[in-house]
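# Observations on chain architecture
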Amino acid sequence: RAIVRDIDKLEEQSPFIPPKPTAEVDPTVFEKRFLRMIRVLGEGHFGKVELCRYDPRGDRTGELVAVKSLKPDKGDEQSNNLSREIDVLKALYHENIVKYKGICQEEGGQAIKLIMEYLPLGSLKEYLPRNKSRTSLSTLLSYSAQICEGMDYLGSRNYIHRDLAARNVLVENERTVKIGDFGLTKSIKDNEGYYTVKDDHDSPVFWYAPECLTLCKFYLASDVWSFGVTMYEIIAYCDSTKSPMMRFSEMIGRTQGQMTIIRLVKVLQEGKRLPRLEGCPDLYFSFT
Ligand code: ADP
Ligand code: MG
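The structure contained in this document is the topic of the report that follows. (Residues numbered from 1 in each chain as written. Chains lettered and ligands numbered in written order. Predicted model: local features only at pLDDT ≥ 70, side-chain atom pairs only at ≥ 80, totals over all residues. Heavy atoms only, no water.)

Let us now look at the sheet that holds strand S2 (residues 47-54). Picture the strands of a sheet paired through backbone hydrogen bonds; they go either parallel or antiparallel. Strand order in this open sheet of five strands is S1-S2-S3-S5-S4, and the pairing throughout is antiparallel. The sheet is open, and its two edges are formed by strand S1 (35-43) and strand S4 (100-105), each paired on a single side. Recorded for the sheet is a direction-independent mean angle of 30° between the axes of neighbouring strands. In the sheet, S2 pairs with strand S3 (residues 63-70) via eight bridges, with the strands oriented antiparallel. When the bridges of S3 are listed, Arg-53 appears paired with Leu-64. The strands touched by helix H2 (residues 76-90) within the sheet are S3, S4 and strand S5 (112-117), with S5 carrying the most contacts at an inclination of about 35°. (Pairing = 2+ DSSP bridges. Helix = DSSP H or I, 4+ residues; strand = E, 2+ residues; numbered from the N terminus. Axes fitted to C-alpha atoms, helices over the stretch in contact; angles between N-to-C directions. Contact = heavy atoms within 4.5 Å.)

Right under this line is the structure:
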């Protein structure tokens, strides 16, 4: 023991021996064994988002996080999508964009999960119908302005979101909202200015601008169109009976698949738009 002590002392004095590295922990790497699922927050076509507690000490004092993963049977293309979503979110820092926390990798290194901050109030689509009576018009305007700030930042980084809708805007507290779900976000090269899609089966068509529907091209301005549809949803307090899908379905009648897109394009070209709702200010309506 005395010898060990002496060697330690020697080590400390010697300028040539580097100090022992302190155990380095990457705070963005979450270990699967410490991740406890609490409940499912939402489920889409390809993936799901779960509320988990990350609890390395195992005493339920760990933090709550939202964990996005792919459904098991989804192929390589979707797993690429999630990897891309992770890369996008990792590079974004804005008060109106959901915060990236890290990743969790399955043992084999195959499946990857995205760890984000957990926003307890869910999306606007869940929050607004339930909290209609205590949400004033000025709060709705503030939500719209915050989404605009977040989207402006995203555009400044040359990203197109492509899925802006109330279901993808998360509520942090009564005053603050954040854009989430970057699963369809694409980067555009400066000189091109748009992104082309070839095979997208699950397009949120009722939020899409005409050029997205006819040419499959997405510009930064296409996000502005979706923002207008999102503003409509907000002023409607996300009432599902007034949803963009319901309203456009009333205009085009019952259709399926490609026919929906053809008829939707037709009514848009005729200049038909979502209606102005009661209580919606002039200026607000002019943006939708
Ligand atoms: P998808 O790609 O399947 O649409 P989303 O990222 O939009 O996945 O998440 C689906 C739903 O899960 C959202 O509409 C929202 O209700 C919930 N959700 C997603 N992320 C969070 C989060 N960070 N905090 C709380 N709820 C979330
Ligand atoms: Mg979504």
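This part is about the environment of Pro-129. Looking at where Pro-129 falls in the secondary structure, it is placed in helix H3 (residues 124-130). As for Pro-129 and Asp-55, which are separated by 74 residues in sequence, their C-alpha atoms are 33 Å apart. Among residues more than four places away in sequence, those in contact with Pro-129 are Leu-124, Tyr-237 and Cys-238.

Contact pair helix H7 (residues 244-252) / helix H8 (residues 257-269): the axes reach a minimum separation of 10 Å and the direction vectors enclose 85°. When the axes of H7 and H8 are compared, the pair comes out roughly perpendicular. Across the interface between the two elements, Phe-248, Met-251 and Ile-252 of H7 pack against Thr-260, Arg-263, Leu-264, Val-267 and Leu-268 of H8. Broken down by class, the residue content of the contact of H7 with H8 amounts to six nonpolar, one polar and one charged. (Parallel < 35°, antiparallel > 145°, perpendicular 65-115°, else oblique. Nonpolar A, V, L, I, M, F, W, Y, C, P; charged D, E, K, R; others polar.)

With that settled, consider the site of ligand 1. Among the 17 residues in the neighbourhood of ligand 1, the closest are listed as Glu-117, Glu-126, Arg-167, Asn-168 and Asp-181. Measuring from a nitrogen atom of ligand 1, one finds a backbone N or O atom of Glu-117 at 2.8 Å. At a separation of 2.8 Å, an oxygen atom of ligand 1 approaches a polar side-chain atom of Asp-181. In the complex, 86% of the free accessible area of ligand 1, which totals 550 Å², lies under the protein chains. (Near = heavy atom within 4 Å. Polar contact = N/O pair within 3.5 Å; in protein donor to acceptor, adjacent residues only side chain to side chain. Areas by Shrake-Rupley, 256 points an atom, 1.4 Å probe, with all protein chains shown as cover.)

Judged by which residues are buried, strand S8 (residues 176-179) turns out to be covered on both faces: Thr-176 and Lys-178 on one side and Val-177 and Ile-179 on the other are all buried. Sheet topology note: the strand S7 (residues 169-173)/S8 ladder contains four bridges and is antiparallel. For Leu-170, the partnering residue across the bridge sits in S8 and is Lys-178. As consecutive antiparallel partners, S7 and S8 are separated by two residues. (Buried < 20%, exposed > 50% of the residue type's maximum accessible area, 1.4 Å probe, protein only.)

The textbook angles at a metal center are 109.5 degrees for a tetrahedron of four donors and 90 or 180 degrees for an octahedron of six. Protein ligation of the magnesium ion (ligand 2) involves Asn-168 (OD1) and Asp-181 (OD), the donor distances falling in the range 2.1 Å. Here Asn-168, found in the loop between strand S6 (159-160) and S7, pairs with Asp-181, found in the loop between S8 and strand S9 (186-187); they are 13 residues apart in sequence, far enough to count as distant. On the basis of relative accessibility, which here comes to 24%, the residue Asp-181 falls in the partly exposed class. (Donors = N, O, S within 2.8 Å, 3.2 Å for Na, K, Ca; no water.)

Okay, unusual backbone geometry next. Within the chain, Asn-158 stands out as a residue other than glycine whose phi angle is a positive 60°. With respect to the helices, strands and loops of the structure, Asn-158 is situated in the loop between helix H4 (137-156) and S6. Note on Asn-158: relative accessible area 21%, which makes it partly exposed. One non-glycine residue, Arg-162, lies in the positive phi region at around 70°.

Taken as a whole, this structure holds zero disulfides when the rule is applied. Cys-148 carries a free sulfur, and the closest cysteine sulfur to it, the one in Cys-280, is 15 Å from it. (Disulfide = S-S within 2.5 Å.)

A rise of 1.5 Å per residue sets the reference length of H4, with its 20 residues, at 28 Å; its end C-alpha atoms lie 29 Å apart and thus fit the reference within 8%. The complete set of buried residues in H4 reads Leu-140, Tyr-143, Ser-144, Gln-146, Ile-147, Gly-150, Met-151, Tyr-153, Leu-154 and Gly-155. (Expected span 1.5 Å × (residues − 1).)

In total, this model carries 15 salt bridges according to the counting rule given. Of the charged contacts, one joins Glu-50 and Lys-48 as a salt bridge, the two residues approaching to 3.7 Å between their closest N and O atoms. We note a salt bridge from Lys-272 to Glu-270, for which the minimum N-O separation is 2.8 Å. What emerges from the salt-bridge pattern is a single network uniting Lys-68, Glu-85 and Asp-181. (Salt bridge = Lys/Arg side-chain N within 4 Å of Asp/Glu carboxyl O.)

Packed helix pairs are characterised by how far apart their axes lie and by the angle those axes make with each other. Where H4 contacts helix H6 (residues 220-235), the two axes come as close as 11 Å, and the packing angle between them is 165°. The angle between H4 and H6 places the two elements in the roughly antiparallel class. H6 is crossed by H4, and the crossing has right-handed handedness. For the pair H4 and H6, contact is made by Leu-137, Leu-140, Ser-144, Ile-147, Cys-148, Met-151 and Gly-155 and by Leu-220, Asp-223, Phe-227, Thr-230, Met-231, Ile-234 and Ile-235, respectively. In terms of residue class, the contact of H4 with H6 is built from ten nonpolar, three polar and one charged. (Left-handed = near helix turned anticlockwise from the far one by under 90°.)

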